[in-house]
Amino acid sequence: MLALERDRYLKRANYRLIEEEIRCYQETKKMLEELRDDVIEGTSKVDGPRAEGQAGDPTGNKAIKLTAIAISEAGRRVAAIEKALEQTGRAADPRRLQSIEMKFFQGYYTDQGIANRLGVADSTVRRWRRDFVCLVAEKLGWPV
């Protein structure tokens, strides 16, 4: 695969991944809150006294580290989407944010349906979606 084709493939793959992240934003945000609560509550509990010099649970410690990494990455993605939503909400045309909400959060799946509902062209809805995905990608530092 040529470098140019590989770059185009990666950019397309990132674009699709970011779209899926946006679709799952609300569930991810809820999961993130639950994970943070579980980890915070879980770290304060003590299983019992340890003998002096006894090592902790290495498997448990690895699981905690992996969970912390997952929480950090999920938090980074949620924050990028929230910043992009906030920035899009400040746009001159409020229909831009409405189109994003309709596409990703309210179950409207066709650009034509969104366009008809908002009174804009299909191409406008597609452009707004592309701009939003690219804005999230920019916040994440991903090429699209």
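Residues numbered from 1 in each chain as written. Predicted model: local features only at pLDDT ≥ 70, side-chain atom pairs only at ≥ 80, totals over all residues. Heavy atoms only, no water.

**Quick look at the environment of Ala13**
Here's step 1: Position of Ala13 among the secondary structure elements: in helix α1 (residues 3–23).
Here's step 2: The spatial distance from the C-alpha of Ala13 to the C-alpha of Pro143 is 9.9 Å, given a sequence separation of 130 residues. (Helix = DSSP H or I, 4+ residues; strand = E, 2+ residues; numbered from the N terminus.)

**Focus: the nonpolar core**
Here's step 1: Ranked by size, the top nonpolar core spans 22 residues in total, and within it Ile18, Ile22, Leu85, Phe104, Phe132 and Val136 carry the most contacts.
Here's step 2: Only α1, α2 (25–44), α3 (58–89), α4 (95–104) and α6 (122–140) provide two or more residues apiece to this core.
Here's step 3: Sort the elements by how many residues they give to this core and α3 lands first, with seven residues.
Here's step 4: In terms of nonpolar packing, the next biggest core, distinct from the first, is built from seven residues, Ile114, Leu118, Val125 and Trp128 among them. (Core = buried A, V, L, I, M, F, W, Y, C linked by side-chain atoms within 4.5 Å. Buried < 20%, exposed > 50% of the residue type's maximum accessible area, 1.4 Å probe, protein only.)

**Examining the environment of Thr88**
Here's step 1: Within the secondary structure, Thr88 is located in helix α3.
Here's step 2: Taking the C-alpha atoms as reference points, Thr88 and Trp128, 40 residues apart in sequence, are found 9.4 Å from one another.
Here's step 3: Those residues in contact with Thr88, other than ones at most four positions away along the chain, are Arg96, Leu97, Phe132 and Leu135.
Here's step 4: Here the side chain of Thr88 touches Ala84 through a polar contact of 2.8 Å, landing on its backbone oxygen. (Contact = heavy atoms within 4.5 Å. Polar contact = N/O pair within 3.5 Å; in protein donor to acceptor, adjacent residues only side chain to side chain.)

**Points about the packing of α4 against helix α5 (residues 111–118)**
Here's step 1: Where α4 meets α5, the axes come as close as 10 Å, and the angle between the chain directions of the two elements is 140 degrees. Between α4 and α5, the interaxial angle falls into the category oblique. Note that α4 runs across α5; the crossing there is right-handed. Residues Arg95, Gln98, Ser99, Met102 and Lys103 of α4 touch α5, and the partners they reach there are Asp111, Ile114, Arg117 and Leu118.
Here's step 2: Among the residues forming the contact of α4 with α5, the class breakdown is three nonpolar, two polar and four charged. (Axes fitted to C-alpha atoms, helices over the stretch in contact; angles between N-to-C directions. Parallel < 35°, antiparallel > 145°, perpendicular 65-115°, else oblique. Left-handed = near helix turned anticlockwise from the far one by under 90°. Nonpolar A, V, L, I, M, F, W, Y, C, P; charged D, E, K, R; others polar.)

The values reported here are purely geometric and, on their own, carry no functional implication.
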